[in-house]
Amino acid sequence: MTVSIPPSIKRFSILGAVCFALGVSSLAGAARSGEQVFNTYCVACHMSGVAGAPKFGNRADWQPRIDKGLDTLLKDAISGIKAMPPKGLCFDCSDDELKLAIEYMIDNSKD
């Protein structure tokens, strides 16, 4: 019996495996900039808008989230929201590193 796995599930499975591998290989305890966290963990979803993630550099995607405030964005990033897993799978990221990554994405959103 052959089981057909929908392409969207395959993409999320592959993405999850890649993100997990990146997380395991990261240096725990080393302070990382928002750009470093973005380029290691966030880029996979936020560059292309996977599963509704606000796209890097797209002000229209980010504005409704910006309007909620940085504290809410950070809380959602920590606990996960919609298709985004907790901490975007960056389990060794500190809250400050996540905040820096969020600020990096917001700061690089075009007007």
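Above this text you will find the structure in question.
*Asks:* Even after reading the chapter, I still don't get the packing of aromatic side chains, so can you show me in this structure?
*Replies:* Where two aromatic rings form a pair, the distance of their centres and the angle of their planes describe that pair. The tally for this structure, following the rule as stated, stands at three aromatic pairs. With centroids separated by 5.6 Å and ring planes inclined at 50°, the aromatic side chains of F38 and Y104 adopt a geometry described as tilted. Of this pair, F38 sits in helix α2 (residues 34–46) while Y104 sits in helix α5 (residues 95–107); the two residues are 66 residues apart in sequence, bridging distant segments of the chain.

*Asks:* Is there a simple way to explain the state of the cysteines in this structure?
*Replies:* The term disulfide refers to a covalent linkage connecting the sulfur atoms of a pair of cysteines. One pass over the structure, following the stated rule, counts one disulfide. Each sulfur in the disulfide pair C90 and C93 lies 1.8 Å from the other. Across the S-S bond of C90 and C93 the torsion is about 75°, and the bridge reads as right-handed. Look at C90 and you get buried, because its relative accessible area is 1%. C93 sits in the buried class, given a relative accessible area of 2%. Here C42 is not disulfide-linked; the sulfur of C93 is the nearest cysteine sulfur, at 7.3 Å. A residue is classified by how much of its surface remains accessible, and C42, at 14% relative accessible area, is buried.

*Asks:* Please explain helix α4 (residues 70–79) as it appears in this structure.
*Replies:* Quick reminder: α-helices carry 3.6 residues per turn. Residues three or four places apart thus point the same way. Residues of α4 that are buried include every one of L73, L74, D76 and A77, and no others. The buried residues of α4 occupy an angular sector of 165° when the element is viewed end-on, so they sit on one face. Among the structural elements, α3 (59–68) and α5 are those in contact with the buried residues of α4. Of the residues flanking the end of α4, it is G80, one or two places downstream, whose phi is positive at about 90°.

*Asks:* Can you walk me through the environment of D76 in this structure?
*Replies:* Relative to the helices and strands, D76 is located in helix α4. The buried category is assigned to D76, whose relative accessible area is 13%.

What counts, and at which threshold
- Numbering of residues begins from 1 in every chain and follows the order in which that chain's sequence is written.
- A pLDDT threshold of at least 70 governs which residues receive local features in this predicted model, and a stricter bar of 80 or more applies before side-chain atom pairs are shown or counted, although totals over entire chains, interfaces and linings include all residues.
- Processing note: side-chain calculations cover all non-hydrogen atoms of the structure and skip hydrogens and water entirely.
- Think of it this way: a Phe, Tyr or Trp ring, Trp meaning its six-membered ring, pairs with another when their centres are within 6.5 Å, and the plane angle makes it stacked under 30 degrees, edge-to-face over 60, tilted otherwise.
- Secondary structure follows DSSP: runs of H or I at least 4 residues long count as helices, runs of E at least 2 residues long count as strands, and numbering of each begins at the N terminus.
- The disulfide criterion used throughout: a pair of cysteine sulfur atoms within 2.5 Å.
- Burial classes follow relative accessibility: with a 1.4 Å probe on protein chains only, a residue under 20% of its type's maximum area counts as buried, one over 50% as exposed, and anything between as partly exposed.
- Regarding the arc, it is the one traced by the directions from the helix axis to the C-beta atoms.
- We call two residues in contact whenever any of their non-hydrogen atoms come within 4.5 Å of each other.

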